[in-house]
Amino acid sequence: MSDEDWSAGAAWMKGEIMPVGRAALPVTDWGLTHSDITYDVVHVWDGRFFRLDDYLDRFEESLRKLRLIVPQRRDDMRQILHAIVARSGLQRSYVSFVASRGQPSVPGSRDPRLCENHFYAWCVPFVWVFPEDVIERGAHLLVPDHIHRIGTSSVDPTAKNYHWGDFTQALLEAKETGFDSTLLLDAQGCVTEGPGFNVFMIKNGRAKTPRTGVLEGITRKVTMEICEHHGVPVERSNIQFEEFLDADEVFVTTTGGGPVSVTKINDRVFSNGAGGEITTLLNQTYWQWHNDSTMSEAVDYAREAPGVAV
Ligand SMILES: Cc1ncc(COP(=O)(O)O)c(C=O)c1O
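Residues numbered from 1 in each chain as written. Predicted model: local features only at pLDDT ≥ 70, side-chain atom pairs only at ≥ 80, totals over all residues. Heavy atoms only, no water.

Participant: So what's going on with the overall build of the chain? Residues and values would help.
Facilitator: The helix and strand inventory of the chain stands at 8 helices and 15 strands. Seen along its three principal axes, the alpha-carbon backbone of the chain occupies a region of about 55 × 45 × 35 Å. Counting all 310 residues of the chain, 53% fall into the buried class. Once local pairs closer than 6 in sequence are excluded, the contacts in the chain between residues at least 24 apart make up 70%. For the chain, the accessible surface area stands at approximately 14,200 Å², while carbon and sulfur atoms represent 50% of it. Charge-centre separation for the chain: the mean point of 30 positive side chains lies 4 Å from the mean point of 43 negative side chains. (Helix = DSSP H or I, 4+ residues; strand = E, 2+ residues; numbered from the N terminus. Buried < 20%, exposed > 50% of the residue type's maximum accessible area, 1.4 Å probe, protein only. Contact = heavy atoms within 4.5 Å. Areas by Shrake-Rupley, 256 points an atom, 1.4 Å probe, with all protein chains shown as cover. Lys, Arg positive; Asp, Glu negative; His and termini not counted. Charge placed at Lys NZ, Arg CZ, Asp CG, Glu CD.)

Dropping the structure here:
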C-alpha cells in the first residue's frame, strides 16, 4: 500500500483529510503510551452509514465516562466521518473515530489534566471480524480457563477501549490450538465477550445475552430489536458458562459482520456443526435492514473534492 493510496482509506487529523497511510500520532501521545483513548466503529454498507446516531450516542457516552473533552461537537464528527468516506470513495467501509488523551503540555508530567485531548477518524475497506469462510461454517471459539476478562472496576467495558491485554493472550492460544477466536469469562465464571463481538445464546426459542461486563454493542442492540420483530423473546442476564454450553444455538454480534453463528466452543459442538435456524433468520434480517432508509444515511460521494478540509 502506498502512503498516497486513497482506495486503502482516508483519515482526518487536525483539520486535514489525508490518505490513511499518512495518518500518524506522536510517540508520546497517551493514547499510545497509556492506552488512554476511546474509539468507536461504524460501518458504511453500499454507500450508506448504518445506524450512525447509535454509534455517535455511544461515543459521546464513552467520552463522558473517561472524562475526555474534544473540540468537535456531534455534528462536526458526523461531517468528518462523511467527508473521509466520501474522499476515499469506499462503498463498504469500516469507519473508526477516536478521542485520545493526547500529551501533557509539561513534558513528562503525570497529570492527565494537562493533556490536550484530541479527536481523529479514519476509514478503511470493510473489515470482517471473521473471514467469510468462517461465517459460512460457523465460528469456533476457545474459552480459556486461566485468562479472565479484566474486572469492570478496573476497566469499564461500556466505554469502548484499547485495553486488549486479556484478549490478545487468549487470541494467541486460540490461534495456536486451531480456533478462530476467543470468548472470555469473568472471574465469577460468567460469559462476557470476545475481541470485537458480543455473544448470545438461544435455548428453547428464547434469546439471552450477558447484561453486564460487556460493551453495549450496537449490533447487539439491533439484534435485540430484530428478535422482538420476529417474536423471539430476548433478555439481558448474566450467564454462567455451564448454562451457555447447554444452549441450542450460540452466535456473536459485531459491526464487522452482523450476527455470526458459533458452531464450536472448546470441544462442545452446537447446532450439529451448522448455523442455527434462529441465528440464520437474525442474520438475514440484519442485512435486510440495511436497505431500510430510516436506519441509514447516504454518503454524498460527489461532494468531497480532493484536498477539501473539514
Ligand atoms: C469488546 C467488544 N465487544 C463487543 C463489540 C461489538 O460491538 P458492536 O456491535 O458495536 O460492533 C466490540 C466491537 O468492536 C468490542 O470491541
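From this point, things continue past the structure.
Participant: If you had to explain the sheet that holds strand E6 (residues 118-125) to someone new, which residues and values would you point to?
Facilitator: Taken together, the 7 strands give an open sheet; going across it, the order is E2-E1-E6-E5-E3-E4-E15, and neighbouring strands pair in antiparallel fashion. The sheet is open, and its two edges are formed by strand E2 (16-19) and strand E15 (296-298), each paired on a single side. Across the sheet, the mean angle from the axis of one strand to that of its neighbour is 25 degrees, orientation sign disregarded. Pairing geometry for strand E3 (residues 37-45) and strand E4 (residues 48-50), over 2 bridges, is antiparallel. Note on E4: the bridge partner recorded for Trp45 is Arg48. Sheet strands touched by helix H2 (residues 52-66): E3, E4, strand E5 (93-100), E6 and E15. Its angle to E3, the strand with the most contacts, is close to 175 degrees. (Pairing = 2+ DSSP bridges. Axes fitted to C-alpha atoms, helices over the stretch in contact; angles between N-to-C directions.)

Participant: Report on the site of the ligand, specifying residues and quantitative values.
Facilitator: Close to the ligand lie 16 residues, the nearest being Arg58, Lys160, Glu193, Thr219 and Thr255. The backbone of Ile218 places a nitrogen or oxygen atom 2.8 Å from an oxygen atom of the ligand. At a separation of 2.6 Å, an oxygen atom of the ligand approaches a polar side-chain atom of Thr219. Out of a free accessible area of 390 Å², the ligand has 92% covered by protein chains. With respect to the pocket detection grid, the ligand is positioned in the largest pocket. Breaking the shell around the ligand down by element, the ones donating at least two residues are helix H6 (218-229) and strand E12 (249-254). Residues belonging to the shell around the ligand are distributed by class as follows: 5 nonpolar, 8 polar and 3 charged. (Near = heavy atom within 4 Å. Polar contact = N/O pair within 3.5 Å; in protein donor to acceptor, adjacent residues only side chain to side chain. 1 Å grid on protein atoms, 1.4 Å probe; cavity = no way out; pocket = protein on both sides within 12 Å on 5 of 7 lines; lining within 4 Å. Sits in = over half its atoms within 2 Å of the grid points. Nonpolar A, V, L, I, M, F, W, Y, C, P; charged D, E, K, R; others polar.)

Participant: Lay out the nonpolar core in plain terms, naming residues and giving numbers.
Facilitator: The biggest cluster of nonpolar side chains holds 48 residues, and the ones touching the most others in it are Phe49, Ile84, Val85, Val95, Phe97 and Phe119. Residues from two domains meet in this core; each of domain 1 (6-127) and domain 2 (132-293) gives at least three. Setting aside residues up to four positions removed in sequence, Phe97 forms contacts with Thr38, Tyr39, Asp40, Val41, Val42, Tyr55, Leu56, Phe59, Leu81, Phe119, Tyr120 and Ala121. With 21 residues, the next largest nonpolar core counts Val143, Phe197, Phe241 and Val262 among its residues. (Core = buried A, V, L, I, M, F, W, Y, C linked by side-chain atoms within 4.5 Å. Domains from an automatic or database assignment.)

Participant: Which residues make up the packing of aromatic side chains, and what are the values?
Facilitator: Counted according to the given criterion, the structure contains 15 aromatic pairs. Look at Trp12 and Phe119: their rings are 6.0 Å apart centre to centre, the planes differ by 55 degrees, and that puts the pair in the tilted class. With Trp12 in strand E1 (residues 10-13) and Phe119 in strand E6, this pair connects stretches of sequence that are 107 residues apart. Note on Trp45 and Trp287: the rings are 4.5 Å apart at their centroids and 45 degrees apart in plane angle, and the pair reads as tilted. Of this pair, Trp45 sits in strand E3 while Trp287 is found in helix H8 (residues 277-288), placing the two residues 242 residues apart along the sequence. (Phe/Tyr/Trp six-rings, centres within 6.5 Å; stacked < 30°, edge-to-face > 60°.)

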